[in-house]
Amino acid sequence: MFENLSQKLDKALKMLKGQGSITEINVAATIKEIRRALLDADVNFKVAKEITDEIKEQAIGSKILIAVSPREMFIKIVYDKLTELMGGQKQDINIKGDPAVVMIAGLNGAGKTTFSGKLANFLKSQGRQVLLAACDVYRPAAMEQLKVLGGQIGVEVYTEMESKDAVQIAQNAIQYAKANNKKIVIVDTAGRLAIDEVLMKEIAALKKALNPTETLFVVDAMTGQDAVNTALAFNERIDYDGVVLTKLDGDARGGAALSIRKTVNKPIKFISTGEKMEAIDHFYPDRMAQRILGM
Amino acid sequence: VGKSKVDDEVLDELEEILISSDVGVDTTLKIIKRIEARVAKDKYLNTSELERILREEVIALLMENKTQDLEDFLVPEVKKPYVIMVVGVNGVGKTTTIGKLAAQFLKRGNKVVLGAGDTFRAAAVEQLKLWGQRVGVPVIEHGMNTDPASVAYDAVKKGVEMNADVVIVDTAGRLHTKVGLMNELAKIKRVMQKVADDVPHEVLLVLDGSTGQNAFIQAKEFTQATEVTALAITKLDGTAKGGVVIGISDQFKIPVKYIGVGEKIDDLQIFNRKEFVDSLFKTQK
Ligand SMILES: Nc1nc2c(ncn2[C@@H]2O[C@H](COP(=O)(O)OP(=O)(O)OP(=O)(O)O)[C@@H](O)[C@H]2O)c(=O)[nH]1
Ligand SMILES: Nc1nc2c(ncn2[C@@H]2O[C@H](COP(=O)(O)OP(=O)(O)OP(=O)(O)O)[C@@H](O)[C@H]2O)c(=O)[nH]1
Ligand SMILES: [K+]
Ligand SMILES: [Mg+2]
Ligand SMILES: [Mg+2]
């Protein structure tokens with residue numbers, strides 16, 4: 001449905017045919033197409049502008065104006081730029097502690113509960129003793145959902161079905177882990193929108209009370225322009241350590257990854273690629289750059 | 001005060017407003033072009049006039065989708081029961097929207113039956129049952145890991161037997177890229193047609209209001225697979241403005257019927273074009 005970067009550049013560069021050389025004006029047309037490719041991929045408007053401004057500088061400063069195949073050169077510049085922006089060192093999650101506490105937070109329906117199960121499964125397969133803590137006290141059958149997932153992967157789930165106090169449940173879960181030789185507690189929390197003051201206060205209180213060794217912000221790869229606002233708002237309240245990008249088994253380009261990385265500057269630590277408990281992977285910046293550009 | 005004429009800078013600003021609300025590049029350029037054409041005649045405009053023109057153009061664009069806004073949560077007059085099948089990608093708010101919709105129909109004196117056709121997602125049946133209890137309507141279910149088509153069949157059949165006004169069938173979330181799962185929707189439809197050949201009367205596609213450009217592809221693919229007849233846009237209580245509605249109205253002729261504005265039972269509204277455009281421009285500069 002949406003053209004990829006190569007197609008867009010073809011269009012822009014076709015306009016150059018018949019002209020002797022590539023001028024700065026032509027660069028501008030090409031830059032415009034790059035910006036559109038980024039916007040089609042849901043990269044935030046401001047972020048896309050910043051990136052293309054930088055690319056323009058770079059292109060003008062490089063030999064691209066006299067290059068034999070400016071199209072390939074442009075694509076390389078863009079691809080390298082995106083990879084660099086999303087890259088840096090690969091960062092693992094911190095699971096040191098007795099027990100280590102991993103808190104999972106994010107918007108409604110992003111895939112937190114599913115990811116909690118996947119992470120538990122992933123850590124269990126490394127031979128670790130994991131406990132899942134069901135701290136979504138709002139969504140109908142949220143605790144039940146986590147219990148079913150725990151059952152599928154053979155990981156114990158701590159619940160207090162009648163409680164409405166997420167902080168209390170999490171604290172009790174940690175006590176339970178200590179008493180039962182569990183080394184990692186994964187805390188699933190309710191989905192919330194960043195403008196919901198009551199729920200944002202709750203998640204801030206949870207973070208403060210638990211002082212987790214690792215806090216992860218889960219975001220849906222299909223998210224549009226608002227991803228940046230949401231990621232910033234959650235970061236302000238819970239200063240998370242990393243991001244999880246979900247539903248990458250679909251065809252969303254996932255520009256949110258780039259926008260969040262560039263504005264919040266927290267590493268993307270995991271991706272989610274399906275509904276099954278095995279569908280979890282590390283994040284690779286180069287693959288994500290290709291995906292955003294539709295390469 | 002504001003600028004005295006519409007220059008490129010102002011048009012760039014408009015572009016930013018529209019793109020930042022997920023309207024999408026194509027529809028944004030279409031709107032900008034119209035505004036350019038309009039201001040070409042009377043060049044000198046101040047910013048407040050420009051905003052008025054932008055509103056008018058966006059509303060005009062929405063009106064070109066020649067579908068009627070609903071006036072209330074009314075069940076269309078058909079041979080009873082009116083059957084709604086609810087579809088969409090994972091986590092957009094299908095089950096929640098069904099619960100809220102059931103509450104609205106019930107409140108207006110309708111007999112409502114729900115069908116727990118998501119037999120796949122962990123505790124999905126339990127979730128719908130809790131909504132059924134909350135609203136006070138029966139939920140037809142066969143438990144988890146059963147055939148969703150046979151649940152749908154049963155729900156419609158029970159609806160007929162109970163002389164219900166509305167039957168709403170939940171389905172599992174599925175990405176439109178998964179061919180097998182998309183074909184399953186067609187099968188669910190076929191099987192429920194064994195009860196009455198005109199069902200489902202409505203296929204309601206639920207889209208998450210915070211979704212970006214992928215929403216267009218979702219609308220296209222689900223329409224192709226199941227002939228979507230209505231849309232619900234959820235989670236508009238957030239900061240996302242749901243500008244995809246504009247792009248989708250522009251490119252598809254499917255009416256937006258409902259908008260979700262929270263997690264609670266009353267947080268569902270009838271979609272109204274004018275109010276939507278007002279809210280789109282309210283907090284944005
Ligand atoms: N295709 C796909 N579906 C996913 C993925 N991750 C989660 N899901 C599905 O997305 C839906 C929502 O997932 P949940 O884990 O319930 O999301 P959540 O963030 O816990 O939702 P709330 O607790 O209601 O805020 C479910 O249907 C999951 O099966 C993924 O990576 N790919
Ligand atoms: N803030 C807000 N949250 C909503 C709205 N609609 C649904 N939700 C929440 O979004 C999450 C997912 O909702 P569900 O109804 O389970 O979504 P679904 O499409 O049935 O999900 P799957 O069946 O897993 O594909 C839940 O946390 C809901 O409470 C809305 O309009 N506003
Ligand atoms: K979502
Ligand atoms: Mg959850
Ligand atoms: Mg559901």
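Structure first, text after, so check above.
Since we're looking at a predicted model, the values are computed, not measured.

Undergrad: So what exactly am I meant to see when it comes to the overall build of chain A here?
TA: Of regular secondary structure, chain A possesses eleven helices and eight strands. Over its C-alpha atoms, taken along the principal directions, chain A stretches across nearly 75 × 40 × 30 Å. The proportion of buried residues among the 295 residues of chain A is 60%. Of the contacts formed within chain A by residues at least 6 apart in sequence, a portion of 76% connects residues at least 24 apart. Element-wise, carbon and sulfur atoms account for 49% of the exposed surface of chain A, whose accessible area totals about 12100 Å². For chain A, the separation between the mean place of its 40 positive charges and that of its 37 negative charges on side chains is 3 Å.

Undergrad: Would you mind going over the site of ligand 2 with me for this structure?
TA: Around ligand 2 sit 22 residues in total, of which Lys94(B), Thr95(B), Thr96(B), Arg121(B) and Glu263(B) are the nearest. What surrounds ligand 2 is not a single chain but chains A and B. Contacts to ligand 2 include Thr95(B), whose side-chain N or O atom sits 2.8 Å from an oxygen atom. At a separation of 2.9 Å, an oxygen atom of ligand 2 approaches a polar side-chain atom of Gln127(B).

Undergrad: Just checking my understanding: could you explain the coordination of the potassium ion (ligand 3) for this structure?
TA: A four-donor tetrahedral metal ideally has 109.5 degree angles, and a six-donor octahedral metal ideally has angles of 90 or 180 degrees. At 2.6 to 2.9 Å from the potassium ion (ligand 3) lie its protein donor atoms, namely Asp220(A) (OD) and Asp208(B) (OD). Taken together, the residues span two chains, with Asp220(A) in strand β5 (residues 214–220) and Asp208(B) in strand β5 (residues 202–208).

Undergrad: How do you make sense of a negative patch on the surface when you look at a structure like this?
TA: Residue and element names in this part refer to chain B. Residues Asp8, Asp12, Glu13 and Glu36 make up a contiguous surface patch of negative charge. Looking at the negative patch element by element, the count peaks at three residues for helix α1 (residues 8–20). Secondary-structure assignment places aspartate 12 in helix α1.

Undergrad: For this particular structure, what's the right way to read the site of ligand 1?
TA: Around ligand 1 lies a shell of 23 residues, among which Lys112(A), Thr113(A), Thr114(A), Arg139(A) and Glu275(A) are the nearest. At the site occupied by ligand 1, the surrounding residues belong to chains A and B. A distance of 2.5 Å separates an oxygen atom of ligand 1 from a polar atom in the side chain of Thr114(A). With respect to ligand 1, the side chain of Asp249(A) contributes an N or O atom lying 2.8 Å from a nitrogen atom. Protein coverage of the free-state accessible area of ligand 1, which is 650 Å², stands at 97%. A class-by-class count of the residues in the shell around ligand 1 yields three nonpolar, twelve polar and eight charged.

Undergrad: How should I be thinking about the sheet that holds β5(B) in this particular structure?
TA: Within a sheet, each strand pairs with its neighbour through backbone hydrogen bonds, oriented either parallel or antiparallel. Residue and element names in this part refer to chain B. Judged by pairing direction, the sheet is mixed, and its eight strands sit side by side in the order β3-β2-β4-β1-β5-β6-β7-β8 without closing on themselves. Two strands lie at the open edges of the sheet, namely β3 (139–140) and β8 (268–270), each paired on one side alone. Bridge count for strand β6 (residues 230–234) against strand β7 (residues 256–260) is three bridges, and the pairing is parallel. When the bridges of β7 are listed, alanine 232 appears paired with tyrosine 258.

Undergrad: Would you take a moment to explain the nonpolar core for this structure?
TA: By size, the foremost hydrophobic cluster in this structure holds 101 residues, and its most contacted members are Leu82(A), Leu119(A) and Ile186(A). In terms of residue count, the dominant contributor to this core is helix α4 (residues 70–86) of chain A (eight residues). If we ignore the near neighbours within four places in the chain, the residues touching Ile186(A) are Val102(A), Ile104(A), Ser116(A), Leu119(A), Ala120(A), Leu123(A), Val130(A), Leu131(A), Leu132(A) and Ala133(A). Grouped together as the second largest cluster of nonpolar side chains are 92 residues, Tyr82(B), Leu114(B), Val166(B) and Leu205(B) included.

Undergrad: What is the right way to look at unusual backbone geometry in this model?
TA: In terms of backbone geometry, most residues other than glycine have negative phi values and most peptide bonds are trans. Following Asp98(A), the chain continues into Pro99(A) via a peptide bond in cis, with omega recorded as -5°. By the secondary structure assignment, Pro99(A) is in the loop between α4 and β1 (100–106). Across the junction of Lys80(B) and Pro81(B), the peptide omega takes the value -10°, indicating a cis bond. The phi dihedral of Asn265(A) is positive, around 60°, even though this residue is not glycine. Looking at the secondary structure, you find Asn265(A) in the loop between α10 (255–264) and β7 (268–272). Taking relative accessible area as the criterion, Asn265(A) reaches 52% and is therefore assigned exposed.

Definitions and limits used
- Residues numbered from 1 in each chain as written.
- Chains lettered and ligands numbered in written order.
- Predicted model: local features only at pLDDT ≥ 70, side-chain atom pairs only at ≥ 80, totals over all residues.
- Heavy atoms only, no water.
- Helix = DSSP H or I, 4+ residues; strand = E, 2+ residues; numbered from the N terminus.
- Buried < 20%, exposed > 50% of the residue type's maximum accessible area, 1.4 Å probe, protein only.
- Contact = heavy atoms within 4.5 Å.
- Areas by Shrake-Rupley, 256 points an atom, 1.4 Å probe, with all protein chains shown as cover.
- Lys, Arg positive; Asp, Glu negative; His and termini not counted.
- Charge placed at Lys NZ, Arg CZ, Asp CG, Glu CD.
- Near = heavy atom within 4 Å.
- Polar contact = N/O pair within 3.5 Å; in protein donor to acceptor, adjacent residues only side chain to side chain.
- Donors = N, O, S within 2.8 Å, 3.2 Å for Na, K, Ca; no water.
- Patch = residues over 30% accessible without salt bridge, like charges linked within 9 Å, V, L, I, M, F, W, Y side chains within 5 Å.
- Salt bridge = Lys/Arg side-chain N within 4 Å of Asp/Glu carboxyl O.
- Nonpolar A, V, L, I, M, F, W, Y, C, P; charged D, E, K, R; others polar.
- Pairing = 2+ DSSP bridges.
- Core = buried A, V, L, I, M, F, W, Y, C linked by side-chain atoms within 4.5 Å.

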